[in-house]
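# Structure at a glance
Below, each chain spelled out in residue letters.
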Amino acid sequence: MAADSLESKSFNLRFHLSVTNNLPGDHCIETDVPFPSGGGAFRCTAKYWPNWKHSNCITISVVVTRTHSQIGHKVLAVHIDLLNKTGLPVPQEMTWNEPDVEGGRTLSVSRPDVEKYCVDVDGHFTVLCTVVVSRSWPPPRALGHDISVVAPDLADVSFRVEGETFAAHRLVLAARSPVFKAALYGEMAESKASTIVDIGDMRAPTFRSMLDYMYHGTLPAAAATPEMEFQHLYVAADRYGLDTLKEMCEEVMCASVSVSTVLSNLVFAEERMCKKLKPSCLDFLAVRENFVEVAVTGEYVDMMKESPGLLAEVQNWFKRPRLS
């Protein structure tokens, strides 16, 4: 199954206001922003017009373009927030959007408002940019099309999970998983003859999805799969040493971060130390509109009571320096 992986990256742009006061209106300061997302598939360019159209208007533009034409690599969204002196986004009514270009966003604001609300003691003001892109995710080579037709007469081990029995082949499992290899062929293996192994602490659908991956390199269709299933599958992959499956599950969870999933994914990422999922959740919550929707839910209140450390991280994410 080929799937698109969504990645969200945030960074700060910091500009000195007074130094650029006298630049002509059509003059801009341009800079390339390091953007490692997508394996070098994207280039991010920021432009700053200190006197756009007239001396009382400042404009910032951020555009993300593909560096090559690989299928599946797309720029999905670009968001710009002007930050006040405390590091929080200013009210939307203070800014206005210019006509957007493909793969980019342009934001304008009056110079007096920037001077009054946004310039720090060093004479700088800051904008927070969030970029969402997708890149193709090629799975490992498939080993077949359906477990049921992969030499069923040669199955030499069975697994019982929640009362459901799954027939499998020791050699396939051992080749894919070091844990199965040790259990089925190691010194502690009782016999190489056909046997039934009971699997506890796992759901039958999760075990089936794990077998599908081990035989075919495929994941269940995200659109038809319950939100929590990829968390269960990630745990199963971790249990059996399937590192690539863990990575694929984390990619899917990152791609599915939404108002309804962000909190459970954030808690899960904290518990499992998911290096990509946690920043994806925090980046999602750093967008003001998303945070407003999430913060009024009972789930948010409950989570923050149980995990006050996460509350501090969410609140500080707006201020977190990424790029100067």
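Reading the values: rules and limits
- Residues numbered from 1 in each chain as written.
- Predicted model: local features only at pLDDT ≥ 70, side-chain atom pairs only at ≥ 80, totals over all residues.
- Heavy atoms only, no water.
- Phe/Tyr/Trp six-rings, centres within 6.5 Å; stacked < 30°, edge-to-face > 60°.
- Helix = DSSP H or I, 4+ residues; strand = E, 2+ residues; numbered from the N terminus.
- Buried < 20%, exposed > 50% of the residue type's maximum accessible area, 1.4 Å probe, protein only.
- Pairing = 2+ DSSP bridges.
- Salt bridge = Lys/Arg side-chain N within 4 Å of Asp/Glu carboxyl O.

To continue, consider the packing of aromatic side chains. Applying the stated criterion across every chain yields a total of 9 aromatic pairs. Measuring from ring centre to ring centre gives 5.4 Å for Phe159 and Phe207, while their planes differ by 50 degrees; the resulting arrangement is tilted. Placement of the pair is Phe159 in strand 9 (residues 157-161) and Phe207 in helix 4 (residues 204-216), with a sequence separation of 48 residues. Like Phe159, the residue Phe207 is buried in the burial classification. Relative to Tyr300, the ring of Phe291 has its centre 5.8 Å away and its plane inclined at 90 degrees; by these criteria the two rings are edge-to-face. Given a relative accessible area of 23%, Phe291 falls into the partly exposed group.

Buried residues dominate strand 3 (residues 42-49), accounting for 6 of its 8 residues. Relative to strand 3, strand 2 (residues 29-33) runs antiparallel, the two sharing 5 bridges. Among the inter-strand pairings, Asp32 is bridged to a residue of strand 3, identified as Thr45. With 8 bridges joining them, strand 3 and strand 4 (residues 57-66) adopt antiparallel strand pairing. When the bridges of strand 4 are listed, Arg43 appears paired with Thr65.

Our next topic: the pattern of salt bridges. Tallied over the entire structure, the rule returns 11 salt bridges. Where Glu229 meets Arg203, a salt bridge forms, and the shortest distance between an N and an O atom there is 2.4 Å. One end of the pair, Glu229, is in helix 5 (residues 229-239); the other, Arg203, is in the loop between strand 11 (196-198) and helix 4, with 26 residues separating them in the sequence. In this structure Glu229 comes out as buried when scored by relative accessible area, which is 6%. One salt bridge connects Lys278 with Glu313, and the closest N-O pair in it is separated by 2.9 Å. Here the residue Lys278 occupies a position in helix 8 (residues 277-285), and Glu313 occupies one in helix 11 (residues 308-316), the gap between them amounting to 35 residues.

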